[in-house]
Amino acid sequence: GESVGLHLPTLSVQEGDNSIINCAYSNSASDYFIWYKQESGKGPQFIIDIRSNMDKRQGQRVTVLLNKTVKHLSLQIAATQPGDSAVYFCAEKNTGNQFYFGTGTSLTVIP
Amino acid sequence: ETGVTQTPRHLVMGMTNKKSLKCEQHLGHNAMYWYKQSAKKPLELMFVYNFKEQTENNSVPSRFSPECPNSSHLFLHLHTLQPEDSALYLCASSESGRVYGYTFGSGTRLTVV
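The structure displayed is predicted, hence computed values, not measured ones. (Residues numbered from 1 in each chain as written. Chains lettered and ligands numbered in written order. Predicted model: local features only at pLDDT ≥ 70, side-chain atom pairs only at ≥ 80, totals over all residues. Heavy atoms only, no water.)

A. Fine view of the pairing of strand β3 (residues 19–25) of chain A. Residues and elements named next belong to chain A. Across the two faces of β3 the burial differs, with Ser19, Ile21, Cys23 and Tyr25 buried and Ile20, Asn22 and Ala24 not buried at all. Direction of pairing for β3 relative to strand β8 (residues 72–77): antiparallel, over a ladder of 6 bridges. By the bridge assignment, Ala24 is partnered in β8 with His72. (Buried < 20%, exposed > 50% of the residue type's maximum accessible area, 1.4 Å probe, protein only. Helix = DSSP H or I, 4+ residues; strand = E, 2+ residues; numbered from the N terminus. Pairing = 2+ DSSP bridges.)

Structural data, given as structure tokens:
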């Protein structure tokens, strides 16, 4: 079965620093990946995605890196702000068009 | 608001009660999903509907009964639940057959007492 995991369940960073959240996936056939952000009391919200034919994609203050060799995905947040405090999930899509989610990393930004 | 609205936001029910969760989307999507989110566990897919037809039931106990009267509305009927069913129940929608991710609602926090 699918296994999507995160290296650390919690992460604390100082406001203004960069954050890196990691995710390992198990299915080498997965062809599409998404990072979601979930704030307290809300549902997961799309942040950024990447297809398997890319190794890097940048958004506003966020960058996703994909290393297919080691089946690793990371989310980098530049100049982390208090509003970035949330749980971050990675999700992978296999060829069957179903998404599998990780357990999440809780990011806390210290003012 | 994400365009996917779930009601109620919070629900407390006894094990002998019958209740329903409601999800509504105004995004023009034709696929809808129910997920269960428990503490420290990955999101668990429960049901998938495409064009109002159920296309996936992920071995969900029969005490959970979904209903999709049209592409914009999805219900989850609950009866004789167990305390371990307490969780956040998330509804999501997407364009059927497209590769893109889902739009989630804010969820219903269910507590079974």
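B. Structural context of the state of the cysteines. Residue and element names in this part refer to chain A. A complete count under the given rule lists 2 disulfides over all chains for this structure. Across the disulfide, Cys23 is cross-linked to Cys90 (sulfur-sulfur distance 1.8 Å). Judged by the torsion about the S-S bond (45°), the Cys23/Cys90 disulfide is right-handed. In this pair, Cys23 sits in strand β3 while Cys90 sits in strand β9 (residues 86–93), placing the two residues 67 residues apart along the sequence. Each member of the pair, Cys23 as well as Cys90, is classed as buried. (Disulfide = S-S within 2.5 Å.)

C. The arrangement of the interface of chain A and chain B in detail. Facing the 16 residues of chain A at the interface are 18 residues of chain B. Here chain A and chain B share an interface that buries about 1500 Å² over both sides, 56% of which is from carbon and sulfur atoms. Of all residues in chain A, the largest losses of buried area upon contact with chain B belong to Pro44, Gln98 and Phe101 of chain A, amounting jointly to 32% of the total for that side. One can count 0 salt bridges joining chain A with chain B. Within the residue set of the side of chain A that touches chain B, elements represented by two or more residues are β4 (32–38), β9 and β10 (99–101) of chain A. Among the elements that line the side of chain A that touches chain B, the one with the most residues is β4 of chain A, at 4 residues. (Contact = heavy atoms within 4.5 Å. Buried area = accessible area lost by both parts, 1.4 Å probe. Salt bridge = Lys/Arg side-chain N within 4 Å of Asp/Glu carboxyl O.)

D. The packing of aromatic side chains, seen in detail. Taken as a whole and assessed by the stated rule, the structure comprises 12 aromatic pairs over all chains. Summarising the aromatic geometry, the rings of Tyr25 of chain A and Phe33 of chain A are spaced 4.6 Å apart at their centres and angled 50° between planes, so their arrangement reads as tilted. The pair formed by Tyr25 of chain A and Phe33 of chain A is uniform in burial state, with each residue classed as buried. Pairing Tyr35 of chain B with Tyr102 of chain B gives two aromatic rings, centres 5.9 Å apart and planes at 45°, and the pair type is tilted. With a gap of 67 residues between them, Tyr35 of chain B in strand β4 (residues 31–37) and Tyr102 of chain B in the loop between β9 (87–94) and β10 (103–104) connect regions that are remote in the sequence. Just as Tyr35 of chain B is buried, Tyr102 of chain B falls in that class too. Among the aromatic residues, those joined into a cluster by ring pairs are Tyr32, Tyr36, Phe99 and Phe101 of chain A together with Tyr33, Tyr35, Tyr102 and Phe104 of chain B. (Phe/Tyr/Trp six-rings, centres within 6.5 Å; stacked < 30°, edge-to-face > 60°.)

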